[in-house]
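Single-letter residue listing:
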Amino acid sequence: MTDSATPRPWRRTPVTDLLGIDLPIVQGAFGGLASVPLAAAVSNAGGLGSVGLYGCDPERIRDIAGQLRTLTDRPFALNLWLEFEESSDLRPTEAEFASWLEPLAPYFAELGLALPSLPERFLPGFDEQFDALLAARPAVASFVFGVPPASVLERCRAARIRTVATATTVDEAVALDRAGVDAIVATGFEAGGHRVSFLRPAEDSLTGLFALVPQVVDAVSVPVIAAGGIADGRGIAAALALGAAAAQLGTAFLGTDESTASTEHKALLWHEDAAHTTLTRVFSGRLARGIPNRMLRELTIAARTAPFPAQNWLTGRLKQAAVAQGNTDLVSLWAGQAAPLRRGGPAAELVAALAAETDEVTGHGR
């Protein structure tokens, strides 16, 4: 138990002051799995709830923001993927698309699905997504896979929206700091989901969190949020001790009641396989960490993967049917290296438990 009269200085940091939250606990945005109820629950509990907008069109973004405001009056974040490299204008020929589809054809047949046709585009454009985000006016706009353009940061400042961007290396953090973001997420290679590297290949940007955070803190002028392998109060306290001003947790929230991860995905977080996550490009075309399954192993052996975002679009068609059928062999099972420390239950209870644990570790519990 914690004595409410006991001073707990770890709870007030430059990030809590910057973002207007009560606890330096940020929920990872993990697009598609971070539901509106999850983000609202975390925000209502004193942290920063987040929703990833990957693949969302403007109408969907407006709907998400509207739903969030019906569930919370606290600050929340909306997250966008920046365009860079091949993702900005991928326009394959029919023949190229057919070659990308060929290795996946047996899985479509296994699920009883017809092969998809080449879409007009694989993703909504960043500009239309950002315009919708700006109109929604979240307290925080977060970005991954690059440095937000100056015009984007200027428009956020004008709308009084705080900006957060993510780095996997010190060089990336310095680039973000120079661009003028308000805070930087330093994400270690332990993190689940996509490696959001942008200055060098993701395979060359695999610094662990404990090495990365103090170097980033020393190199930048803005508050740092630590992410990757943090799942309990011990991890939060350790991140703060290294100079971070908040901790971001992803996999820890993936198993909560409000997460939209499938029942089968959540159950696998309790399986011994969750202790052996691996980095792969087979599900999206970009490097990401998840629990290995049959599709991952078979496509790794085949060594034939379409570029992002085509691969992600194609496997996304499979995922919808696989989830509906309870099939975990043909879906991405994102999870970080701290998955064995995860727990379930309501997100608000998890936030309260994390805060109590951090109190104990920092000597402010009783």
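Throughout, residues of each chain are indexed from 1 in the direction in which the sequence is written. Thresholds applied to this predicted model are a pLDDT of at least 70 for local features of residues and 80 or more for the giving and counting of side-chain atom pairs; totals over whole chains, interfaces and linings are not thresholded and use all residues. In computing side-chain properties, one takes all heavy atoms of the structure into account and sets aside hydrogens as well as water.

A. Structural context of the pattern of salt bridges. Criterion for a salt bridge: a side-chain nitrogen of Lys or Arg within 4 Å of a carboxyl oxygen of Asp or Glu. Scanning the entire structure with this criterion turns up 16 salt bridges. For the salt bridge of Asp359 with Arg11, the shortest nitrogen-to-oxygen distance reads 2.6 Å. Within this pair, whereas Asp359 is found in helix α15 (residues 347–361), its partner Arg11 is found in the segment before α1 (14–19), the two being separated by 348 residues in sequence. Exposed residues in this analysis have more than 50% of their type's maximum accessible area, buried residues have under 20%, and partly exposed residues fall in between, with area computed by a 1.4 Å probe over protein chains only. The buried category is assigned to Asp359, whose relative accessible area is 0%. Between Asp329 and Arg294 there is a salt bridge, with its nearest N and O atoms 3.7 Å apart. One end of the pair, Asp329, is in the loop between α14 (310–324) and α15; the other, Arg294, is in helix α13 (residues 294–302), with 35 residues separating them in the sequence. Relative accessible area serves as the criterion here: at 29%, Asp329 is assigned to the partly exposed category. Within the structure, one salt-bridge network assembled from shared partners comprises Glu110, Arg294, Glu298 and Asp329. Only runs of H or I of at least four residues qualify as helices and only runs of E of at least two qualify as strands under DSSP, and these elements are numbered from the N terminus.

B. Looking closely at α13. For α13, the set of buried residues is Met295, Leu296 and Leu299. An end-on view of α13 places all buried positions within 100° of arc, on one side of the element. Directions pointing from the helix axis toward each C-beta atom define the arc.

C. Broad picture of the nonpolar core. Throughout this description, the term nonpolar core refers to a set of buried Ala, Val, Leu, Ile, Met, Phe, Trp, Tyr and Cys residues connected via side-chain atoms within 4.5 Å. Within the largest apolar cluster, 66 residues are counted, with the highest numbers of intra-cluster contacts made by Phe143 and Phe253. Only heavy atoms enter the contact rule, under which two residues are in contact if any of them lie within 4.5 Å. Leaving out residues up to four positions away in the same chain, Phe143 has contacts with Asn79, Leu80, Leu82, Phe126, Phe130, Pro148, Val152, Cys156, Thr163, Val164, Ala165 and Thr166. By size, the runner-up hydrophobic cluster in this structure holds 34 residues, among which are Val282, Phe283, Ala322 and Ala339.

D. Geometry of the packing of helix α3 (residues 58–71) against helix α6 (residues 126–136). Between N-to-C directions, angles cover 0 to 180 degrees, with each direction set by a line fitted to C-alpha atoms, over the stretch in contact for helices. Relative to each other, α3 and α6 sit at 25°, their axes nearing to 9 Å. Our classification of the angle between α3 and α6 gives roughly parallel. With respect to the hand of their crossing, α3 and α6 are arranged in right-handed fashion. Contacts between α3 and α6 involve Pro58, Ile61, Ala65 and Arg69 from the former and Glu128, Gln129, Ala132, Leu133 and Ala136 from the latter. Residues were grouped as follows: Ala, Val, Leu, Ile, Met, Phe, Trp, Tyr, Cys and Pro as nonpolar; Asp, Glu, Lys and Arg as charged; and all remaining residues, including Gly, as polar. Of the residues belonging to the contact of α3 with α6, the class tally is 6 nonpolar, 1 polar and 2 charged. Roughly parallel means an angle under 35 degrees; roughly antiparallel means over 145; roughly perpendicular covers 65 to 115; every other angle is labelled oblique. Working rule for handedness: look at the near helix, and if it is turned counterclockwise from the far one by less than a right angle, call the crossing left-handed; if clockwise, right-handed.

E. Representation of the packing of aromatic side chains within the structure. Two aromatic rings, drawn from Phe, Tyr or Trp (for Trp, its six-membered ring), form a pair once their centres lie within 6.5 Å of each other, and the interplanar angle then sorts them: stacked below 30 degrees, edge-to-face above 60, tilted otherwise. Taken as a whole and judged by the stated rule, the model has 8 aromatic pairs. Between Trp81 and Phe308 the ring centres are 5.6 Å apart and the planes differ by 20°, which places this aromatic pair in the stacked class. In this pair, Trp81 is assigned in strand β3 (residues 76–81) and Phe308 in the loop between α13 and α14, connecting sequence segments 227 residues apart. Here the two residues Trp81 and Phe308 agree in accessibility, since each one is buried. Counting every residue linked through ring pairs, the aromatic cluster contains Tyr54, Trp81, Phe145 and Phe308. A ring is considered to have a charge above it if a Lys NZ or an Arg CZ atom is located within 6 Å of its centre and within 35 degrees of its normal. The ring of Phe145 is capped by Arg286, whose NZ or CZ atom sits 4.2 Å from the centre of that ring.

F. View of the sheet that holds strand β6 (residues 183–187). Strand pairing requires that DSSP identify at least two bridges connecting the strands. Sheet architecture is open: 8 strands sit in the order β1-β9-β8-β6-β5-β4-β3-β2, paired in parallel fashion. The open sheet terminates on both sides in strands that have one partner only, identified here as β1 (25–27) and β2 (49–52). Sheet twist, expressed as the mean angle between neighbouring strand axes with direction ignored, is 25°. Of the pairings in the sheet, the one linking β3 to strand β4 (residues 140–144) comprises 5 bridges and is parallel in character. Residue pairing across strands places Asn79 opposite Ser142, the latter belonging to β4.

G. Seen up close, the sheet that holds strand β7 (residues 193–194). The antiparallel open sheet is built from 3 strands, whose spatial order is β7-β11-β10. With partners counted over all chains shown, the strands left at the sheet margins are β7 and β10 (278–280), one partner each. Here β10 runs beside strand β11 (residues 288–290); their pairing, made up of 3 bridges, is antiparallel. By the bridge assignment, Thr278 is partnered in β11 with Gly290.

H. Region of interest: the side chain of Thr187. Looking at where Thr187 falls in the secondary structure, it is placed in strand β6. For Thr187, a relative accessible area of 7% gives the class buried. When sequence neighbours within four positions are dropped, the list of residues in contact with Thr187 reads Thr166, Ala167, Thr168, Arg195, Val196, Leu212 and Ala227.

I. Region of the structure containing the pairing of β3. For β3, the buried fraction is high: 6 of the 6 residues fall into the buried class. Of the two faces of β3, both are covered, the one formed by Phe76, Leu78 and Leu80 as well as the one formed by Ala77, Asn79 and Trp81. Look down the strands so they point away from you; if the path from the first strand over the helix to the second goes clockwise, the crossover is right-handed. In terms of handedness, the path from β2 via α3 over to β3 forms a crossover that is right-handed.

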